[in-house]
Amino acid sequence: RAARIDGKGFAAGVRARVADHVAELTSVQGITPGLAVVLVGEDPASEVYVRNKARQTREVGMTGFEHKLAAETTQAELLTLLARLNADPAVHGILVQLPLPRHIDTEAVLAAIDPAKDVDGFHVSNVGLLATGQKALVPCTPLGCLMMLRDRLGSLKGLNAVVVGRSNIVGRPMAQLLLRDDCTVTVAHRHSRDLEAICRGADILVVAVGRPRMIPGDWIKPGATVIDVGINRIEAGDGRTRLVGDVDFDDAARVAGAITPVPGGVGPMTIACLLSNTLTACCRAHGLPEPEGLTA
Ligand code: NAD
C-alpha cells in the first residue's frame, strides 16, 4: 500500500523553518517581513482563505496588512492601493485574492503588482522568468507540490512526470518546475486523447483538474508518486458533504508508491509556500541570502 504523503505535517515544518528565519531576520537585521493581502468584495470562501492567511502570517512572526475593500471598489481605486503597497518598504509581499468582482480586469490588476513583491507568482514577468529557468517568485500551490516531490524522491532527474490540468495557477507552472528539475514532462488537459495511457506512463502524476475522483487506481503506474491538487466538495449522503480529490484515493493507494490525501495533502502547503515566498521576497529586497530549501 502507498505511503501517505503528510502535507499537513510537511506544511507545519515549512512554517517552523520560515518562523526561525523570520526571528533571525528580525533580531539580527531589524527587518520584519510584511505581507499585504487585498480582498475585494464578500466572497465567503475568499474570506476564509484571507483569514487563514492573516493568522498564519502572524504565527510565523511576519507583519500582516489586510485590506478589505467593498465589492463596488473601482479598478482605479484598487490600482491606487497597489501603487501604495508597491512603494511601501514595510510590505515585501502583495497578494490580491482571486476571483475579483467582474467589473475589474484581473490581468491589469496582476500586472500592476511589483514583480519583486508578487508572492503569488502570477505576474507575467515572474511567469516568464520561471519559463526561461531564471530566478522567479513561483506560484504557491505548485511550489508546495515540488517541495513534497523533492522530499519524497530526492532527485527528479529523468523521471516521467505527467501534469493533468494546464491552469495558470497550478498546471502550467507545475510543468515548468518539473522541467527545471529535469523531468520529462507531459501536460494533459481536457482535449487530451487517451488520458489513461498518458497517466500510466507517469512516475510522477500531478492532477489539478477539479473533477471528483476522475483518476482511478488502474490509471496509475505501480510505485508512482501521486500528487492530488483537486479539492472537490461532494455529497456524502445524510445531507452532509465532504472533500475529495481528483484521484480516487483508496483505489490509487493500492497501486501508487506514495500519494497525497485530500484534505491534508497539497492544501496546507499552499499557504506555507505563500509565507516562504514572502520571506524569499524580503531577503531579495534586502540583498540577503535566500532561505535554503524554501524556494524552487
Ligand atoms: P482550472 O479549472 O483553472 O483548470 C482545470 C484544468 O483541468 C484545465 O486546464 C482543463 O483543461 C483541465 N481539465 C478539465 N477537465 C478535464 C478532463 N476531463 N480531463 C483532463 N483535463 C481536464 O482549475 P485549477 O484552478 O487549476 O484547479 C484545479 C483543482 O485544484 C480544483 O479542484 C481546485 O479547487 C484545486 N486547487 C487546489 C489548490 C490547493 O491549494 N490545494 C490550489 C488551487 C487549486
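Please read all numbers here as calculations on a predicted model, not as lab measurements.

(A) Representation of the overall build of the protein in the model. Regarding its fold elements, the protein presents 10 helices and 11 strands. For 296 residues, the compact-globule estimate of 2.2 N^0.38 gives 19 Å, and the C-alpha radius of gyration of the protein, at 19 Å, lies within 12% of that figure. The principal-axis extent of the C-alpha atoms belonging to the protein is close to 50 × 45 × 35 Å. Within the protein, buried positions represent 45% of all 296 residues. Across the protein, every contact between residues at least 6 apart in sequence was considered, and the portion connecting residues at least 24 apart equals 67%.

(B) Here's a closer look at the domain arrangement of the protein. Split by domain assignment, the protein resolves into domain 1 (28-131) and domain 2 (140-267). Taking only C-alpha atoms, the centre of domain 1 and the centre of domain 2 are 28 Å apart. Residue-level contacts link five residues of domain 1 with four residues of domain 2. Its residues assigned to classes, the side of domain 1 that touches domain 2 shows three nonpolar, one polar and one charged.

(C) Molecular detail of the sheet that holds strand β3 (residues 63-69). Read from one edge to the other, the open sheet built from three strands follows the order β3-β2-β4, with strand pairing classed as parallel. On the outer flanks of this sheet lie β3 and β4 (93-96), each paired with one strand and no other. Mean inter-strand twist for the sheet, computed between neighbouring axes without regard to direction, equals 15°. The sheet contact formed by strand β2 (residues 34-40) and β4 spans four bridges and is parallel. Across the sheet, the residue bridging to L35 is G93, located in β4. The sheet contacts of helix α3 (residues 75-87) involve β2, β3 and β4, and relative to β2 the element is tilted by about 180°.

(D) Here's a closer look at the site of the ligand. Around the ligand there are 24 residues in total, and G165, S167, H189, G210 and T270 lie nearest to it. Per-element tally for the shell around the ligand: the top contributor is helix α10 (residues 266-285), with three residues. Grouping the constituent residues of the shell around the ligand by class yields 10 nonpolar, 11 polar and three charged.

(E) Up close: the UniProt feature "binding site: NADP(+)" (unreviewed entry) in the protein. Summarizing the sequence annotation, UniProt attributes the feature "binding site: NADP(+)" (unreviewed entry) to G165, R166, S167 and I231 in the numbering used throughout. Looking at the secondary structure, you find R166 in the loop between β5 (160-164) and α7 (171-180). Given 18 C-beta atoms within a 10 Å radius, R166 is considered partly exposed. In this structure R166 touches G171, R172, V187 and H189, once residues within four positions along its chain are discounted. Here I231 falls in the partly exposed class, since 17 other C-beta atoms lie within 10 Å of it. Those residues in contact with I231, other than ones at most four positions away along the chain, are L243, V262 and G267.

(F) View of the UniProt feature "domain: Tetrahydrofolate dehydrogenase/cyclohydrolase catalytic" (unreviewed entry) in the protein. Taken from the UniProt record, the annotation "domain: Tetrahydrofolate dehydrogenase/cyclohydrolase catalytic" (unreviewed entry) applies to residues 5-120. Helix makes up 50% of residues 5-120 and strand 16%, whereas the separation of the span's terminal C-alpha atoms amounts to 24 Å.

What counts and how
- Residues numbered from 1 in each chain as written.
- Predicted model: local features only at pLDDT ≥ 70, side-chain atom pairs only at ≥ 80, totals over all residues.
- Helix = DSSP H or I, 4+ residues; strand = E, 2+ residues; numbered from the N terminus.
- Rg over C-alpha atoms; globule rule 2.2 N^0.38 Å.
- Buried ≥ 20, exposed ≤ 12 C-beta atoms within 10 Å, placed from the backbone.
- Contact = placed C-beta atoms within 7 Å.
- Domains from an automatic or database assignment.
- Nonpolar A, V, L, I, M, F, W, Y, C, P; charged D, E, K, R; others polar.
- Pairing = 2+ DSSP bridges.
- Axes fitted to C-alpha atoms, helices over the stretch in contact; angles between N-to-C directions.
- Near = placed C-beta within 6 Å.
- UniProt positions renumbered as here; feature names shortened; annotations may be inferred.

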